[in-house]
Structures are given as C-alpha cells and as structure tokens.
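Structural features, examined
These are the residues of each chain, in order.
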Amino acid sequence: LAKIDTGSKWCWPTWALATYGCRPSETFSLVPNGDGTARVLTVKRKGKDPTWRTALALQVSAREPGDRSVPWDVKSPTEYDSGKAKLITDQWGRWMRNQHPTLQLYDLRHAWAIRSISKLPSTSLAAKCMGHSLAVHHESYHRWIDQADIAAVAASLKDRG
C-alpha cells in the first residue's frame, strides 16, 4: 500500500479494502465509525437485498489516506446497483493491475483473512466481519488456520516442558 498513488480516486477504497477485508464492491458503502469498526453493506447474496454488517479494522499501514473518498458512494441498500458496482470494480481492478501487475483486489481481502487468524480471538468473528459463514471461512482459509492452531499447540507443549 505504501506505493499507491495517494492522489488517485482509488487510494481510499484500496486502503479500506486492505484494512477492513470487505469485498471490493462493498467498499463503496464502507464508512469507518472511528472506533476500529465500520458499517458496510453485505452485497453478495443472491436474490436478496444488501444488508448492513460491522467490519473490523486490522491496520496494514500507520498512514491513512485521509478523508473518505469513493468513486461511487452507496449510502443505503436501495441505492446499490450490482451492474454499476461491477463496472466500477472492474475499472478499479485494471488500475490495481497497472499499479501492481501481480496483485488483484481480492488478494487484499484474502490478506485480511490471513492476518485475522493471528490477531482475532476466533475464526467465527473473522467470518462475521467478512460477511460469510464460518463454513465458508474455514473452507477458504483452513490451511492458514490449521498452521496457526498447530503452532499454538506446539508453543503450549514447549512451555509445559
């Protein structure tokens, strides 16, 4: 994130995506509460309207990009248009590839999930903050969860001598 052009319209959404682990199209509704949480619309639900959830900040940079600035500001579930979200997210993805050819937007979401394993007290909390079920969370991130669990047990056994 240190190399991201701070003058770009994509700076704040990129920071928000990495910090809160939301889906790229959800960043257009994300509003930080000032207490380490944010309000964000969960939009990946087939046949259902978006709903509000609470996201949790896992800081990736001491430098915040300043005031919230998004290329499309979604303030309510009724304003959400999946076609428009896809169009804008695709533009953002192309910008990201120009900035970092090997990085995709979802890589920032996945990085949040992996960081959450060592920082949060439960995988259930991480799943809730990301807007998916515990089963999906475990299926997607089981390799890192298992590694962390095994390392914690090994450390516990070492401490017992």
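Right above here is the structure, for reference.
Once a new chain begins, its residue numbering starts again from 1 and follows that chain's sequence as written. Owing to the predicted nature of the model, reporting of local features is limited to residues with pLDDT of at least 70; listing and counting of side-chain atom pairs is limited to 80 or more, with chain, interface and lining totals taken over all residues. In computing side-chain values, all of the structure's heavy atoms are included and hydrogens and water are not.

Notes on the side chain of Ser25
Examined against the element boundaries, Ser25 turns out to sit in the loop between helix 1 (11–20) and strand 1 (31–32). Classification of Ser25 by relative accessible area gives buried; the value is 16%. Of the polar contacts made by the side chain of Ser25, one reaches the side chain of Tyr80; its length is 3.5 Å. Helix and strand definitions follow DSSP, with helices as H or I runs of at least four residues and strands as E runs of at least two, each counted in order from the N terminus. For the exposure calls, accessible area comes from a 1.4 Å probe over protein chains only, and a residue counts as buried if that area is under 20% of its type's maximum, exposed if over 50%, partly exposed in between. Throughout this description, a polar contact denotes any pair of N or O atoms lying within 3.5 Å of each other; where both atoms belong to protein, one of them has to be capable of donating a hydrogen while the other can accept it, and for residues adjacent in sequence the pair is counted only when both atoms sit in side chains.

A word on the pairing of strand 2 (residues 37–42)
Across the 6 residues that make up strand 2, a large majority, 5, are buried. Strand pairing is defined by DSSP finding a minimum of two bridges between the two strands. Two strands pair when backbone bridges link them, and strand 1 and strand 2 are joined in this way by 2 bridges, in the antiparallel orientation. Residue pairing for strand 2: Val31 is matched across the bridge by Arg39. The sheet contact formed by strand 2 and strand 3 (residues 51–56) spans 6 bridges and is antiparallel. Within the sheet, the bridge partner assigned to Thr37 lies in strand 3 and is Leu56.

Quick word on the environment of Ile150
Tracing the sequence through the fold places Ile150 in helix 5 (residues 134–160). Separated by 138 residues in the primary sequence, Ile150 and Trp12 place their C-alpha atoms 36 Å from one another.

A closer look at the sheet that holds strand 1
Across the sheet, 3 strands lie side by side as 1-2-3; this open sheet has antiparallel pairing. Every interior strand has two partners, whereas the edge strands, strand 1 and strand 3, have only one.

Some remarks on the packing of aromatic side chains
Two aromatic rings from Phe, Tyr or Trp, using only the six-membered ring of Trp, form a pair when their centres are within 6.5 Å; if the ring planes differ by under 30 degrees the pair is stacked, by over 60 it is edge-to-face, and anything between is tilted. As enumerated under the stated definition, the model contains 6 aromatic pairs in all. Judged by centre distance (6.1 Å) and plane angle (80°), the ring pair of Trp15 and Tyr20 falls under edge-to-face. Across the pair, exposure class does not vary: Trp15 and Tyr20 are buried alike. The interplanar angle of 35° and the centroid separation of 5.8 Å between the aromatic rings of Trp72 and Tyr80 together place this pair among those described as tilted. Taken together, Trp10, Phe28, Trp72, Tyr80 and Trp92 form an aromatic cluster joined through their ring pairs. Whether a charge sits over a ring comes down to the Lys NZ or Arg CZ being within 6 Å of the ring centre and within 35 degrees of the ring normal. Above the ring of Trp52, the side-chain terminus of Arg39 is found at 3.7 Å from the ring centroid. Of note, Arg68 hangs over the ring of Trp12, and the distance from its end group to the ring centre comes to 5.6 Å.

Some words on helix 4 (residues 123–130)
Taken as a whole, helix 4 has its buried residues at Ala126, Ala127, Cys129 and Met130. Taken end-on, helix 4 shows its buried residues confined to a sector of 165°, consistent with a single buried face. Note on helix 4: the residue one or two positions beyond its end, Gly131, has a positive phi of about 85°. Comment: arc refers to directions from the helix axis out to C-beta atoms.

Quick word on the packing of helix 1 against helix 2 (residues 82–99)
Throughout, an axis means a line fitted to C-alpha atoms (over the contacting stretch in the case of helices), and angles, computed between N-to-C directions, take values from 0 to 180 degrees. Closest axis-to-axis distance for the helix 1/helix 2 pair is 11 Å, and the angle between their directions is 90°. One way to sum up the angle between helix 1 and helix 2 is to call them roughly perpendicular. Only Trp92, Trp95 and Met96 of helix 2 make contact with helix 1, whose side of the interface consists of Pro13, Thr14 and Leu17. Amino acids are sorted into nonpolar (Ala, Val, Leu, Ile, Met, Phe, Trp, Tyr, Cys and Pro), charged (Asp, Glu, Lys and Arg) and polar (every other residue, Gly among them). Of the residues in the contact of helix 1 with helix 2, the class split is 5 nonpolar, 1 polar and no charged. Here the angle decides the label: under 35 degrees means roughly parallel, over 145 means roughly antiparallel, 65 to 115 means roughly perpendicular, and every other value means oblique. Pairs of residues are marked as contacts when any of their non-hydrogen atoms sit within 4.5 Å.

Topic: the side chain of Glu26
In this structure, Glu26 sits in the loop between helix 1 and strand 1. Take Glu26: its relative accessible area is 0%, and that puts it in the buried class. A distance of 2.6 Å separates a polar atom in the side chain of Glu26 from a polar atom in the side chain of Arg23. A distance of 3.3 Å separates a polar side-chain atom of Glu26 from the backbone nitrogen of Val43. If near-sequence neighbours (up to four positions away) are discounted, Glu26 is found in contact with Val40, Leu41, Thr42, Val43 and Arg53.

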